[in-house]
Amino acid sequence: MSWKSTPASADRLRAKLDDEFETVAKPQGLRRTSDARREKEAAAAEDASASAPDVWQRSSETRNAATRGSARGRGTARNDARAGVEAGSETGSDANEGAATSDGKAERKGPSLKMRAVGYLSRREHAREELARKLAAYADDADEVEAVLDALEKEGWLSTERFAQSLVHRRASRQGTARIVQELRQHGVDDNQVAELRDQLRATEYDRALEVWKKRFDAKPADRAAYAKQARFLASRGFAHDVIRRILGDSDED
């Protein structure tokens, strides 16, 4: 058998060797491709991790900027709302002032003058002058008050004579004639009625003064100091000096 290879056998041998080479080379090529892909992915991951802080920082700055912008927006909205409320308040105030002064007079709210007067009179009797002073604070002019008082007198709500009798009844048990007469005159009671009531009070002056003295003192004064103290007390209540001497006796001048 000849050791020289024929062309045909050389071709078959070369084809066989090629097949064996492909079988051995393919896995190595695959491994090199896989290693290259992993290296590429690792490099991409490193690049991503390296750029992540910048991205996070930019995101954080974006969030902070958005937060500051939102806060400024809320602050601006609150300021705008506050300004709107103040403007509305000023507008309302101006409107109220305009309504109050459109006719040149201050607009008064609440009960009418007559209703106020009836309220005063329902609590106690009033003299005409006393009630006029109280109503003057709620009226624009004196004529309006006088008209109301005239109407109340016609209807029987207001009576200075009735007021005088009521005042005497309330004061007589505690005060002397002089104090009561002074108060009647201060309220504008007619002089004729004052004189009439003074005579009535003088007729009961002693008895009334004695009752007042008994409620305050246990016995007549034993010395000049006690006499002066008791006399001052009765005089301050408006009792006459002659009545005081009758109750306390004559003071010891010696």
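Conventions used here
- Residues numbered from 1 in each chain as written.
- Predicted model: local features only at pLDDT ≥ 70, side-chain atom pairs only at ≥ 80, totals over all residues.
- Heavy atoms only, no water.
- Core = buried A, V, L, I, M, F, W, Y, C linked by side-chain atoms within 4.5 Å.
- Buried < 20%, exposed > 50% of the residue type's maximum accessible area, 1.4 Å probe, protein only.
- Helix = DSSP H or I, 4+ residues; strand = E, 2+ residues; numbered from the N terminus.
- Contact = heavy atoms within 4.5 Å.
- Arc of directions from axis to C-beta.
- UniProt positions renumbered as here; feature names shortened; annotations may be inferred.
- Salt bridge = Lys/Arg side-chain N within 4 Å of Asp/Glu carboxyl O.

Participant: For this particular structure, what's the right way to read the nonpolar core?
Facilitator: For soluble globular proteins, nonpolar side chains are generally found buried alongside one another. Core analysis: the biggest nonpolar cluster contains 15 residues, and Trp 213, Leu 234, Phe 239, Ile 244, Ile 247 and Leu 248 have the highest contact counts within it. Elements represented by at least two residues in this core include exactly α8 (205-216), α9 (224-236) and α10 (241-248). With near-sequence residues (within four places) excluded, Ile 247 lies in contact with Tyr 206, Ala 209, Leu 210, Trp 213 and Lys 220. Counting 14 residues, the second-largest nonpolar core is a separate cluster that includes Val 118, Leu 131, Ala 132 and Val 148.

Participant: Explain helix α2 (residues 113-123) to me, please; I cannot follow it from the model alone.
Facilitator: One full turn of an α-helix is made of 3.6 residues, so residues set three or four places apart face in the same direction. Within α2 the residues assigned to the buried category are Leu 113, Ala 117, Val 118, Tyr 120 and Leu 121. Along the axis of α2, the buried residues cluster in a sector spanning 160°; they form a single face. Of the residues in α2, the exposed ones pointing more than 90 degrees away from the buried face are Met 115, Ser 122 and Arg 123. Buried residues in α2 make contact with α3 (128-135) and α4 (142-155).

Participant: Is there a simple way to think about the UniProt feature "domain: RecX second three-helical" (unreviewed entry) in the protein in this case?
Facilitator: Mapped onto this structure's residue numbering, the UniProt feature "domain: RecX second three-helical" (unreviewed entry) falls at residues 161-196. End C-alpha atoms of residues 161-196 are separated by 11 Å, and the span's content is 75% helix alongside 0% strand.

Participant: Hey, could you run me through the pattern of salt bridges in this one?
Facilitator: Oppositely charged side chains can pair when the atoms bearing their charge come close. Inspection of the entire model under this criterion finds 9 salt bridges. One salt bridge in this structure joins Arg 124 and Glu 130, with 2.3 Å as the shortest N-O distance. Its relative accessible area of 6% is what places Glu 130 among the buried residues. As a salt-bridge pair, Glu 205 and Arg 208 come within 2.8 Å of each other at their nearest N and O atoms. In this pair, Glu 205 and Arg 208 are both assigned in helix α8, 3 residues apart and thus about one turn of the helix distant.

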